[in-house]
Amino acid sequence: MDHFLYKDGVLHAEDVALTEIAAAVGTPFYVYSTATLTRHFQLFDDALAGMDHLVCYAMKAASNQAILKTLGDLGAGMDVVSGGEYARAKAAGIPGDRIVFSGVGKTADEIRAALTGGIRQFNVESEPEMQVISRVAVELDVTAPITIRVNPDVDAKTHAKIATGKSENKFGIPISRAREVYAMAAALPNIEIVGIDVHIGSQLTQLAPFEAAYTKVAEVVEQLRADGHNIRRLDLGGGLGIPYTRSNETPPLPSEYGAMVKRVLGHLDCEIEIEPGRLIVGNAGLLVSSVIYVKQGEDREFLILDAAMNDLIRPAMYEAHHDIVPVLEPAAGQEQTKYDIVGPVCESGDTFAKGRDMARLASDDLVAFRSAGAYGAVMSSEYNSRPLIPEVLVNGSDFAVIRARPTFDEMINRDTIPMWLA
Ligand code: LLP
């Protein structure tokens, strides 16, 4: 469920008509709903009720300060994967003891910044990384809390580009080597083992792969404890999928996921951390765009939008489906047609949908891409010198621009001319 509904024939974000936002900020833009963000965070928090837990929002999905602050105020922790994300989390007021640091290639500088500013734990992905964390912790005379991310060699049954839990993927250490690598960690100075970490992929639409991975993790935890390690925290990663089409997708609910976690891991009596990104923000955001032209091709009609692949890369990159709906609700019985929906960028890959059934549209009509809140704005670029588009946050009947559209000059002035060209 989300808070983007038609009211009086106009698609709204909560109580604000999208036509009103479009008039104020121009198109294209991203818009997020506070009520949906809150609801989705709460669903996870409730799903783990009865277990000591922390929901660490995977901020790679959408990292605007206003989104982080909204979730942080609800008590969310953050899962960060770069020095930039760590700085964003801190800037949004998230305390260090609610920030976990994931990612396969943490640099010494990133590790130093996190150890200085405060960190809940590093999710370690390799032996050399563990050694660098130890070295930097010794330099700073602090103790670095760590978990080790294990790769359980489980098929997440998702798009190959976002599956991370198979042995051929670059992530984690093979679960078969867990005892050896934990023994190495225990022998390193200024390292404190606090738990274990696993994340097998994104947009999972079944519980079975999670359960297979968590079952393997539970076995390994028993072994590690027998080896004398203090495993008190389980970081279970993110990955729970969302319905991208209204009709035929029913991924498991957070409550079902939570019940499975309790069943498979409850006996270990650990603190649970999860790192959901997409489920919190995916269906809390829309991309709103205008039709520039309707173009008649040889055997099809193209709807040419002012949004393009640089604004939303998911269809080009993952063959992802996004529902695209008119902002003005079509009248009952209005003529339907099929469109290839494309952007203005000079590549055929700049195609959002092919042969999509839609009500007939004309130049200047507004459309909204649903489920665009996660991995939308954060993956955008200025390809074709198209400035990054604004982000807007709605809260009830209020809305605010939370990232403004840069002017052409602001975009151009980030370049500098070397002295030999001046
Ligand atoms: N934790 C770790 C260690 C991750 O690598 C990820 C996502 C998450 C948590 C959050 O996963 P989520 O709950 O959002 O599925 N750009 C792609 C998705 C990439 C996911 C990368 N890792 C897309 O647009 O589908």
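Residues numbered from 1 in each chain as written. Predicted model: local features only at pLDDT ≥ 70, side-chain atom pairs only at ≥ 80, totals over all residues. Heavy atoms only, no water.

### Some remarks on the overall build of the protein
What counts is decided by this rule: Segments assigned H or I by DSSP are reported as helices when at least four residues long, segments assigned E as strands when at least two residues long, and all are numbered from the N terminus. In this treatment the radius of gyration is a C-alpha quantity, and the globule benchmark scales as 2.2 Å times the residue count to the 0.38 power. Buried means the residue's accessible area, taken with a 1.4 Å probe over protein chains only, is under 20% of the maximum for its type, while exposed means over 50%, and partly exposed covers the values in between. Method for areas: the Shrake-Rupley scheme with a 1.4 Å probe, in which residue coverage is limited to the protein chains shown. The charge count treats Lys and Arg as positive and Asp and Glu as negative. His and the chain ends do not count. Charge coordinates come from a single atom per side chain, which is NZ of Lys, CZ of Arg, CG of Asp or CD of Glu.
From N to C terminus, the protein includes twelve helices and 21 strands. For the protein, the C-alpha radius of gyration of 23 Å lies close to 22 Å, the compact-globule estimate for 422 residues. In terms of principal-axis extent, the alpha carbons of the protein reach across some 70 × 60 × 40 Å. Counting only residues that meet the buried cut, the protein has 55% of its 422 residues in that class. With an accessible surface of roughly 17600 Å², the protein has 53% of that area assigned to carbon and sulfur atoms. The protein carries 38 positive and 57 negative side-chain charges, and their two centres are separated by 3 Å.

### Considerations on the pairing of strand 17 (residues 336-342)
Formally: By the convention used here, strands pair only if DSSP detects at least 2 bridges between them.
Counting buried positions over the seven residues of strand 17 gives five, a clear majority of the element. As paired strands, strand 15 (residues 301-305) and strand 17 are joined by four bridges and run parallel to one another. The partner of Phe 302 across the bridge, within strand 17, is Asp 340. Two elements, strand 17 and strand 18 (residues 351-359), share six bridges in a ladder whose sense is antiparallel. Bridge pairing in strand 18 places Tyr 339 opposite Arg 356.

### Points about the pairing of strand 20 (residues 391-395)
Here strand 20 lies mainly inside the structure; four of its five residues are buried. Here strand 4 (residues 29-33) runs beside strand 20; their pairing, made up of four bridges, is parallel. Directly across from Tyr 30, in strand 20, lies its bridge partner Glu 391. Bridging between strand 20 and strand 21 (residues 398-403) involves five bridges; their strand directions are antiparallel. Of the residues in strand 21, the one forming a bridge with Val 394 is Phe 399. Following strand 20, the chain reverses through two residues before pairing antiparallel with strand 21; Gly 396 in that reversal takes a positive phi of roughly 65°.

### Observations regarding the site of the ligand
Short version of the rule: We define proximity as follows: a residue is near a molecule or strand when any one of its heavy atoms falls within 4 Å of that partner. Any N or O atom pair separated by 3.5 Å or less is treated as a polar contact, with the protein-specific requirement of one donor-capable and one acceptor-capable atom, and with residues adjacent in sequence counted only for side-chain atom pairs. Cavities and pockets were defined on a 1 Å grid built over protein atoms only: a cavity is a set of grid points that admits a 1.4 Å probe from which the probe cannot escape, a pocket is an open set flanked by protein on both sides within 12 Å along at least five of seven lines, and lining residues are those with an atom within 4 Å of any such point. Put plainly, a molecule is in a cavity or pocket when over half of its atoms are within 2 Å of the grid points there. Three residue categories are used. Nonpolar comprises Ala, Val, Leu, Ile, Met, Phe, Trp, Tyr, Cys and Pro, charged comprises Asp, Glu, Lys and Arg, and polar comprises the others, including Gly. Where each domain begins and ends is defined by an automated method or by a domain database.
The local shell around the ligand holds 18 residues, among which Ser 202, Glu 275, Arg 314, Tyr 318 and Tyr 375 are the closest. Within the side chain of Arg 314, an N or O atom sits 2.6 Å from an oxygen atom of the ligand. Between the ligand and Tyr 318 there is a distance of 2.7 Å, counted from a nitrogen atom to a side-chain nitrogen or oxygen. The cavity where the ligand resides is the largest pocket. Here the shell around the ligand is composed, by residue class, of six nonpolar, six polar and six charged. The residues that make up the shell around the ligand include at least three from each of domain 1 (4-31 + 282-412) and domain 2 (34-281).

### Here we look at the environment of Gly 333
Residue position: Gly 333 is located in the loop between strand 16 (324-326) and strand 17. Residue Gly 333 is classed as exposed on the basis of its relative accessible area, which comes to 81%. For the pair Gly 333 and Leu 279, spaced 54 residues apart in sequence, the C-alpha to C-alpha distance is 34 Å.

### Remarks on the domain arrangement of the protein
Definition in use: Contacts: residue pairs with any heavy atoms within 4.5 Å of one another. Buried area: the sum, over both parts, of the accessible surface (1.4 Å probe) that disappears when the two are put together. For this analysis, a salt bridge means a side-chain nitrogen from Lys or Arg found within 4 Å of a carboxyl oxygen belonging to Asp or Glu.
If you check the domain split of the protein, you get domain 1 (4-31 + 282-412) and domain 2 (34-281). Spacing between the C-alpha centres of domain 1 and domain 2 amounts to 32 Å. Counting from both sides, the interface comprises 25 residues of domain 1 and, opposite them, 25 residues of domain 2. Buried area between domain 1 and domain 2, both sides added, is near 2100 Å², and the carbon and sulfur share of it is 53%. Here domain 1 is connected to domain 2 by zero salt bridges. For the pair domain 1 and domain 2, the interface holds 13 residue pairs in polar contact (both at pLDDT 80 or more). Elements that contribute at least two residues to the side of domain 1 that touches domain 2 include exactly helix 11 (314-318), strand 20 and strand 21. Take the side of domain 1 that touches domain 2: its biggest share by element is four residues, from strand 20.

### Concerning helix 6 (residues 127-140)
As a reminder, the rule being used: To estimate how far a helix should reach, multiply one less than its number of residues by 1.5 Å.
Taking 1.5 Å of rise per residue, 14 residues should cover 20 Å, and helix 6 covers 20 Å from first to last C-alpha, within 8% of that figure. Taken together, the buried positions of helix 6 are Glu 127, Glu 129, Met 130, Ile 133, Ser 134, Val 136 and Ala 137. Looking at the packing, one finds that the buried side of helix 6 touches helix 5 (108-117), strand 8 (121-124), strand 9 (144-151), strand 10 (173-174), helix 7 (178-187) and strand 11 (191-197). The opening residue of helix 6, the one whose side-chain oxygen lies 3.3 Å from the backbone nitrogen of Glu 129, is Ser 126. A positive phi of about 60° marks Asp 141, the residue just after helix 6.

### Digging into the state of the cysteines
What counts is decided by this rule: Cysteine sulfur pairs qualify as disulfides if the two atoms are within 2.5 Å.
Evaluation of the coordinates by the stated rule reveals zero disulfides. Distance from the sulfur of Cys 56, which forms no disulfide, to the nearest cysteine sulfur (Cys 270) is 15 Å. Of the residues examined, Cys 56 reaches a relative accessible area of 0% and is grouped as buried. Judged by its relative accessible area of 8%, Cys 270 falls in the buried class.

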